[in-house]
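An overview of the molecular structure
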Amino acid sequence: MQPKSEWWHSAVIYQVYVRSFADSDGDGEGDLTGVRRRLPELAALGVDAVWLTPFYVSPLADGGYDVADYRDVDPRFGTLADFDSLIASAHDLGLRVIIDVVPNHTSSAHRWFRAAVESEPGNPERARYIFRPGKGPGGDEPPNNWQSIFGGPAWTRLKRPDGTPEEWYLHLFDAEQPDLDWSNPEVHEEFEDVLRFWLDRGVDGFRVDVAHGLVKDPALPDIAPGQRADLLDGSTRLPYFDQDGVHDIYRRWNAIAASYPGDRALVAEAWVEDAQRVARYLRPGELHQAFNFEYLVAPWDAAALRGVIDRSLAANGDVGATTTWVLSNHDVPRHVTRFGDGGTGLRRARAAALLTLALPGSAYLYQGEELGLPEVTDLPEEALQDPTWERSGRTRRGRDGCRVPLPWEGEEPPFGFGPADAEPWLPVPEEWRSLTRAAQRADPDSTLSLYTAALRLRRGLHNTAPSSLTWLEAPSDVLIFGRGAGFVCAVNLSEQAVEIPLHGEVLLSSEPRSGDRAPLSLPPDTAVWLRV
Ligand code: NOJ
């Protein structure tokens, strides 16, 4: 196997959800200039790269994952010049920048979809999307029984201006997100050109949205009654996910990325069946990394986590790819809240951070996890913007609770997210006063201080440690592993304090410690890094 020299193999990549990161112009929404101004704080945190969620021209029917122009910045997020300044500032600070590419669907406001709607069935303008006649009398029923991931049918019927119904189009997500037809060479050419557009501007890579969804079974077969894919659910084989044809696309994209100087990373968002199916996206000549969602959804349980860790490392190792670790993103409830109520969730999240950052490979952090932010579960209904809310008939609240704007400093909402008099697009809880970055910077026991210390130590560790781990003997519900050069990570996932059979220096602990006498005692839901 080649030595792994590309930057992403051990990188910590920080996800910036642009709309909620920092608002420079007071319109209530984050923007690229806001990101640029705050980059020094991410450099100080100690991450290696940032991933920016979509900032392209978009009606924001799905938070920008509904792109109307892939080669321009939405005015609410800034301009191309702002983007260029952001890249330049990031590179000056030694931070790489990855951006999203959204190839499964466009916005219905995209010029291609508008042309498709204005043209007639059978015309080439329609052939960029998946239009089909309906079934049943008058074509009144959708072409098949696929369901939108956000709820309701995955097909919407077009109507002529006079109201006459005609063909249906497929949208695996919102009706404003028509799926492209990747059997059409024009679609390939377009996206290859989009990649080059941003690579020419200096991006260090792409996060490929719904990487497993681009190719559909051409027969568009019905799925079993009751079967339906959740965004987070790769557990079922479906005729619109993980089809073999997607891999041809990524072989071409790999060649494009490789034709640019420096190492440009391609990262898959692929919710597929298991670690082995994920690793197929990472075979030599395809994508470079994939989010480890099996790790993200694992419960706070030693055996479950150890199983995921072993399966991930084995499957990725088989194809020579690096493994990634991720606990949260903009699509899932924040892990502080997932892991438990009240203080328990935060305690576990802090321990999980030390576990995650000690594992071999690359880690993705979601903005705000370094502050220990919880999910906001009580957003008023009128504030909810995720299409899931309406499409599910107001039964699923959706993902806004993890997208609440970040608290930076000060005593009153919006805590420096934007100007004091600018109302943020989602309300920021008063209780986040003690969670601002400024407040936590001043506190050596804060979650921010823990992450900062962990990232500093991790740099040294990953420069010397092997890309594997060794499990060490441990009491039940405890994970202990070594990474060479005397580095050991121990995590107590049980409800009791345990003594661990190791002597050594505690480098870092997820909870404040007083005295470190041997044998080492680990309180419940606590992790330590040791030099033994
Ligand atoms: C995955 C993105 O992370 C999510 O936010 C989006 O809704 C879907 N893809 C559709 O683009």
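Residues numbered from 1 in each chain as written. Predicted model: local features only at pLDDT ≥ 70, side-chain atom pairs only at ≥ 80, totals over all residues. Heavy atoms only, no water.

1. Some details on the domain arrangement of the chain
Taken as a whole, the chain is organised into domain 1 (7-104 + 185-384 + 431-441), domain 2 (111-170) and domain 3 (469-531). Measuring from the centre of the C-alpha atoms in domain 1 to the corresponding centre in domain 3 gives 30 Å. For the pairing of domain 1 and domain 3, the buried interface totals around 1800 Å² over both sides, and the portion due to carbon and sulfur atoms is 66%. Ionic pairing is found between R347 and E511, a salt bridge with its closest N-O pair at 3.7 Å. At the junction of domain 1 and domain 3, the tally comes to 8 residue pairs in polar contact (both at pLDDT 80 or more). Looking at the side of domain 1 that touches domain 3, the elements with two or more residues in it are α8 (302-318) and α10 (342-358). (Domains from an automatic or database assignment. Buried area = accessible area lost by both parts, 1.4 Å probe. Salt bridge = Lys/Arg side-chain N within 4 Å of Asp/Glu carboxyl O. Polar contact = N/O pair within 3.5 Å; in protein donor to acceptor, adjacent residues only side chain to side chain. Helix = DSSP H or I, 4+ residues; strand = E, 2+ residues; numbered from the N terminus.)

2. Focus on the sheet that holds strand β14 (residues 470-471)
Across the sheet, which stays open at both edges, the 5 strands sit in the order β14-β15-β16-β20-β18 with antiparallel pairing between neighbours. Edge strands, defined here as strands with exactly one partner in the open sheet, are β14 and β18 (505-509). With 4 bridges connecting them, β18 and strand β20 (residues 526-531) associate as antiparallel partners. Opposite S509, over in β20, you have V528 as the bridge partner. The sheet contacts of α8 involve β14 and β15 (478-482), and relative to β15 the element is tilted by about 35 degrees. (Pairing = 2+ DSSP bridges. Contact = heavy atoms within 4.5 Å. Axes fitted to C-alpha atoms, helices over the stretch in contact; angles between N-to-C directions.)

3. Quick word on the environment of E499
In this structure, E499 sits in strand β17 (residues 498-500). Setting aside anything within four residues of it in sequence, one finds E499 in contact with P475, P519, L520 and S521.

4. Points about the side chain of D386
Of note, D386 is situated in the loop between β13 (362-366) and α11 (387-391). Take D386: its relative accessible area is 3%, and that puts it in the buried class. There is a polar contact of 2.6 Å between the side chain of D386 and the backbone nitrogen of R399. Leave out the neighbours within four places in its chain, and D386 touches R397, G398, R399 and D400. (Buried < 20%, exposed > 50% of the residue type's maximum accessible area, 1.4 Å probe, protein only.)

5. Quick notes on the site of the ligand
Around the ligand, a shell composed of 13 residues is seen, among which D62, R207, D209, H330 and D331 lie nearest. With respect to the ligand, the side chain of R399 contributes an N or O atom lying 2.9 Å from an oxygen atom. Relative to its unbound accessible area of 300 Å², the ligand is 100% covered by the protein chains. The class makeup of the residues in the shell around the ligand is 4 nonpolar, 2 polar and 7 charged. (Near = heavy atom within 4 Å. Areas by Shrake-Rupley, 256 points an atom, 1.4 Å probe, with all protein chains shown as cover. Nonpolar A, V, L, I, M, F, W, Y, C, P; charged D, E, K, R; others polar.)

6. Considerations on the packing of aromatic side chains
Taken as a whole, this structure holds 30 aromatic pairs when the rule is applied. Each ring, one from F55 and one from W198, has its centre 5.6 Å from the other, and the planes form 80 degrees; the classification is edge-to-face. With F55 in the loop between β2 (49-52) and β3 (56-57) and W198 in helix α4 (residues 185-200), the pair connects residues that are 143 residues apart, well separated along the chain. Summarising the burial analysis for this pair, F55 and W198 share the class buried. Between the aromatic rings of F113 and Y129, the centroid separation amounts to 5.0 Å while the plane-to-plane angle is 80 degrees, which identifies the pairing as edge-to-face. Taken together, the residues F113 in helix α3 (residues 111-118) and Y129 in the loop between α3 and β6 (131-132) connect sequence positions 16 residues apart. For the residue pair F113 and Y129, the accessibility class agrees, reading buried in each case. (Phe/Tyr/Trp six-rings, centres within 6.5 Å; stacked < 30°, edge-to-face > 60°.)

7. Re the nonpolar core
Counting 150 residues, the largest nonpolar core has Y14, L52, F55, F83, I99, Y250 and W253 as the members making the most contacts within it. Here this core gets 8 residues from one element, more than from any other, and that element is α10. The next biggest cluster of nonpolar side chains, apart from the first, holds 16 residues, and it includes F150, A154, L170 and L172. (Core = buried A, V, L, I, M, F, W, Y, C linked by side-chain atoms within 4.5 Å.)

8. A few points about the pairing of strand β7 (residues 155-159)
In this sheet, strand β8 (residues 165-170) lies alongside β7 in antiparallel orientation, the contact comprising 4 bridges. Counted as the bridge partner of R157 is W168 from β8. Two successive antiparallel strands, β7 and β8, enclose a turn made up of 5 residues, where G163 displays a positive phi of approximately 95 degrees.

9. Re the pairing of strand β9 (residues 205-208)
The alternating pattern of β9 places G205 and R207 on one face and F206 and V208 on the opposite face, and all of these are buried. With 4 bridges connecting them, strand β5 (residues 96-101) and β9 associate as parallel partners. In the sheet register, V101 faces β9, and the bridge partner there is V208. In this sheet, strand β10 (residues 265-268) lies alongside β9 in parallel orientation, the contact comprising 4 bridges. Across the sheet, the residue bridging to V208 is A268, located in β10.

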